[in-house]
Amino acid sequence: MGVERLDRLLARLGLGSRKEVGRLIRRGQVRVGGAVVLDPGFKVGEGALLEVEGKPIRAFRHLHVLLHKPGGYVTSRTEGPSVYALLQGFPTRDLSPVGRLDKDTEGLLLFTTHGELLHRLTHPRHKVEKRYLVHLERPATPEDQRAFQEGLLLEGERLLPAKLVLGEDPTRVELVLKEGRYHQVKRMFAQRGNRVLYLKRLALGPLELGDLPVGAARALSPEEAAALYQAVGLGGKNP
Ligand code: URA
């Protein structure tokens, strides 16, 4: 997995000789992940976002960005308010969303420049888990749990088994899906005679939303990117 000295990386990307880029770095003209780095020997990880003299550049071939999507934003380039407005500083032209969240859904939305990764993460064959927090109008029941586990028949299509986790308050549950169909969570509960009042995605495969503030975006760490590749059988391949 790529980790490289900052001065070597910038020279390799054609920004000047090692000596020249070393000067740029020491003058405070280079940021890594938003923070000024003054040490030419600083180790940069895969997917790090670099800025040189105020201009963003991509350190490696692929970049993966995790956004804590707020409600009210559309997963679209053309309709607004667009989630892309929240990715300022990232090379938005090259980033595609991994699936979509509804306008009123919050939580983890991943963007990537990697077409094959995107395809694998969204294809049901790879059964990448998506974990949601769901607030419901009425309490969920053990019968809902069984029905979801067996694979709900939704408008003539059999869904993959889904795990419903009932806690202390059965109107606040977690649901783990292995596919991502249109409005799937809302339609599953509607079929059970219930209604989703609030929906938030907490996790996608090995990625967790964690304490990323609402509306904030960050590049994946090299460890997160490696775990993601692993989850879809791209482990060991050069990202
Ligand atoms: N299921 C839904 O119904 N909506 C989403 O945004 C995501 C999953």
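Use the structure listed above.
To keep things clear, this report deals only with the structure shown in the data block. (Residues numbered from 1 in each chain as written. Predicted model: local features only at pLDDT ≥ 70, side-chain atom pairs only at ≥ 80, totals over all residues. Heavy atoms only, no water.)

### What to know about the overall build of the protein chain
Threshold: Strands here mean DSSP runs of E at least two residues long; helices mean DSSP runs of H or I at least four residues long; both are numbered from the N terminus. Exposure classes here rest on a 1.4 Å probe applied to the protein chains alone. A residue is buried below 20% of its type maximum, exposed above 50%, and partly exposed in between. Working rule for contacts: check all heavy atoms of both residues, and any pair within 4.5 Å makes them a contact. Surface accessibility follows the Shrake-Rupley procedure with a 1.4 Å probe radius. Residue values consider only the protein chains on display as shielding. Charge counting follows a simple rule: Lys and Arg are positive, Asp and Glu are negative, and His as well as the terminal groups are ignored. The location of each charge is read from NZ of Lys, CZ of Arg, CG of Asp or CD of Glu.
For the protein chain, the helix and strand inventory stands at six helices and 17 strands. Each principal axis of the C-alpha atoms in the protein chain carries an extent, and together these give about 70 × 35 × 35 Å. Considering the protein chain as a whole, with its 239 residues, one finds that 44% of them fall into the buried category. For the protein chain, the share of sequence-separated contacts (at least 6 apart) that also reach a separation of at least 24 residues comes to 64%. When the accessible surface of the protein chain is split by element, carbon and sulfur atoms take 49% of a total near 12,000 Å². Both charge centroids of the protein chain, one from 38 positive and one from 28 negative side chains, sit 6 Å from each other.

### Focus: the nonpolar core
Stated formally: Only buried residues count toward a nonpolar core, which is a set of Ala, Val, Leu, Ile, Met, Phe, Trp, Tyr and Cys residues joined through side-chain atoms within 4.5 Å. The domain limits used here are those given by an automatic or database domain assignment.
Judged by nonpolar contacts, the single largest core of 32 residues is most densely connected at Phe 111, Val 134, Leu 175, Val 185, Met 188 and Phe 189. Elements supplying a minimum of two residues to this core: strand S7 (64-69), strand S9 (106-112), strand S10 (130-136), helix H4 (142-150), strand S14 (172-177), helix H5 (184-191) and strand S15 (196-204). A domain-level breakdown of this core finds at least three residues from each of domain 2 (64-123 + 206-231) and domain 3 (129-204). With near-sequence residues (within four places) excluded, Val 185 lies in contact with Tyr 132, Val 134, Leu 175, Leu 177, Val 196 and Leu 199. Among the nonpolar cores identified, the runner-up in size contains 17 residues, and Leu 117, Leu 121, Val 128 and Leu 220 belong to it.

### Concerning the pairing of S15
This is how it is decided: Only strands that DSSP links by at least two bridges are regarded as paired with each other.
With seven of nine residues buried, S15 is to be regarded as a mostly interior element. Here two bridges tie S9 to S15, and the two strands are oriented parallel to one another. Each bridged residue has a counterpart across the sheet, and for Gly 107 the counterpart in S15 is Arg 201. Examined bridge by bridge, S15 and strand S16 (residues 207-208) share two bridges and lie antiparallel to one another. In the sheet register, Ala 203 faces S16, and the bridge partner there is Glu 208. Counted between consecutive antiparallel strands, the loop separating S15 from S16 contains two residues, among which Gly 205 sits at a positive phi close to 50°.

### Concerning the environment of Val 74
Here Val 74 lies in the loop between S7 and strand S8 (96-97). In this structure the C-alpha to C-alpha distance between Val 74 and Ala 140, which are 66 residues apart in sequence, comes to 28 Å. Setting aside residues no more than four positions away along its own chain, Val 74 makes contact with Glu 79, Gly 80, Pro 81, Ser 82, Val 83 and Lys 103.

### So, the pairing of S7
Across the six residues that make up S7, a large majority, six, are buried. Burial along S7 is two-sided: the residues His 64, Leu 66 and His 68 and Val 65, Leu 67 and Lys 69 are all buried. When S7 meets strand S17 (residues 217-219), the two strands line up antiparallel, connected through three bridges. Paired with Leu 67 across the strands is Ala 217, a residue of S17.

### Describing the packing of aromatic side chains
For the record, the criterion: For this analysis, a ring pair means two rings from Phe, Tyr or Trp (six-membered ring only for Trp) whose centres lie within 6.5 Å, classed as stacked if their planes differ by under 30 degrees, edge-to-face if by over 60, and tilted for the remaining angles.
Applying the stated criterion across every chain, the model contains two aromatic pairs. Ring geometry for Tyr 84 and Phe 111: centres 5.5 Å apart, planes at 65°, overall edge-to-face. With a gap of 27 residues between them, Tyr 84 in the loop between S7 and S8 and Phe 111 in strand S9 connect regions that are remote in the sequence. You'll find Tyr 84 and Phe 111 in the same group, each marked buried. Between the aromatic rings of Phe 148 and Phe 189, the centroid separation amounts to 5.2 Å while the plane-to-plane angle is 80°, which identifies the pairing as edge-to-face. Here Phe 189 lies in helix H5 and Phe 148 lies in helix H4, a separation of 41 residues in the sequence. Just as Phe 148 is buried, Phe 189 falls in that class too.

All we've got here are geometric facts, nothing functional implied.
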